[in-house]
Amino acid sequence: SAGANGGGIAMADSESLSLTDSAVSSSTAGGGGGGIAMADSGDVELERSSLSGCQAAGNGGGISIRQSGAFALTNSSSIADCSAGANGGGIAMADSESLSLTDSAVSSSTAGGGGGGIAMADSGDVELERSSLSGCQAAGNGGGISIRQSGAFALTNSSSIADCSAGANGG
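Residues numbered from 1 in each chain as written. Predicted model: local features only at pLDDT ≥ 70, side-chain atom pairs only at ≥ 80, totals over all residues. Heavy atoms only, no water.

### Overview of the sheet that holds strand 18 (residues 126–129)
We count it as follows: Strand pairing is assigned whenever DSSP detects at least two bridges linking the two strands. The secondary structure listing takes helices from DSSP runs of H or I that are at least 4 residues long and strands from runs of E that are at least 2 residues long, numbered from the N terminus. Helix axes are fitted to C-alpha atoms over the stretch in contact, other axes to C-alpha atoms as well, and angles between N-to-C directions run from 0 to 180 degrees.
Here six strands make up an open sheet; going across it, the order is 2-6-10-14-18-22 and the pairing parallel. Both outer strands of the open sheet, strand 2 (17–20) and strand 22 (153–156), are each paired with one neighbouring strand and no more. Strand-to-strand twist in this sheet, taken as the mean axis angle between neighbours without regard to direction, amounts to 5°. In terms of strand pairing, strand 18 meets strand 22 through four bridges, oriented parallel. Bridge assignment links Glu-129 to a residue of strand 22, and that residue is Thr-156.

Listed below in structure tokens is the structure:
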């Protein structure tokens, strides 16, 4: 638990973060990034890893990435059962590069604002390849994903967004 950001891992002004065959679970942050908080840093990659049961009072129940590089969730990685009091129940990215999910899933995550699964703002492209967003809920826009002032969005190779709901636009 952290009173501020990054209940499990907090990184600021750093190079990069890579988790392989790892788990961050049941972590809590009083600010952003219940599981992981990255700020002013490099790229983040989770490979065959999971974030689960994490909570943030601010953005990014699972992970919050702000003014940082690209985020890749790959090879059967998952973010599940995470919640954010603000945006991005699973993932919140702002002022960052790109987000890619490959053979991975974000599920059963909730946000008090927008983006039950994923919230992207002022960032680069988003691509889901052979990946899924499911069972996510947002009180605001985008039960599955909310994208604001960001790059292109691609849902490819049997990816899906299912059983998501929003209190405003884009269930």
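### Overview of the pattern of salt bridges
Where we set the bar: Salt bridge, as applied in this entry: a Lys or Arg side-chain nitrogen positioned within 4 Å of an Asp or Glu carboxyl oxygen. Any residue under 20% of the maximum accessible area for its type is buried, any over 50% is exposed, and the rest in between are partly exposed; the area is computed with a 1.4 Å probe on protein chains only.
Under the defined criterion, the tally for this structure stands at five salt bridges. Its salt-bridge partner being Asp-122, residue Arg-148 comes within 3.8 Å of it at the nearest N-O pair. Here the residue Arg-148 occupies a position in strand 21 (residues 145–148), and Asp-122 occupies one in the loop between strand 17 (118–121) and strand 18, the gap between them amounting to 26 residues. Residue classification places Arg-148 among the partly exposed residues on the basis of a relative accessible area of 45%. Residue Asp-122 is classed as partly exposed on the basis of its relative accessible area, which comes to 31%. Between Glu-129 and Arg-130 there is a salt bridge; the shortest N-O distance is 2.9 Å. Accessibility expressed as a relative area gives 40% for Arg-130, which makes it partly exposed.

### Concerning the environment of Gly-116
Positionally, Gly-116 belongs in the loop between strand 16 (110–111) and strand 17. For Gly-116, a relative accessible area of 0% translates into the label buried.

### Considering the layout of surface pockets
Cut-off, in case you're wondering: With a 1 Å grid spanning the protein atoms alone, the term cavity applies to any set of points in which a 1.4 Å probe fits but cannot get out, the term pocket to an open set with protein on both sides within 12 Å along at least five of seven lines, and the term lining residue to any residue with an atom within 4 Å of a point. Grid points are joined across faces, edges and corners, and a volume is the space filled by probe spheres set on the points. In this classification, the charged set is Asp, Glu, Lys and Arg, the nonpolar set is Ala, Val, Leu, Ile, Met, Phe, Trp, Tyr, Cys and Pro, and all remaining amino acids, among them Gly, are polar.
In this structure, the largest pocket encloses a volume near 370 Å³. Lining the largest pocket are 22 residues, with Asn-59, Ser-64, Ala-92, Met-93 and Ala-94 positioned closest to its centre. Contributions of two or more residues to the lining of the largest pocket are made by strand 1 (9–12), strand 5 (36–39), strand 9 (63–66), strand 13 (91–94), strand 17 and strand 21. Grouping the amino acids of the lining of the largest pocket by side-chain chemistry returns 13 nonpolar, seven polar and two charged.

### So, unusual backbone geometry
Despite not being glycine, Asp-122 has its phi angle at roughly 50°, a positive value. Positive phi is not limited to glycine here, since Asn-157 has a value of about 50°. A residue is classified by how much of its surface remains accessible, and Asn-157, at 45% relative accessible area, is partly exposed.

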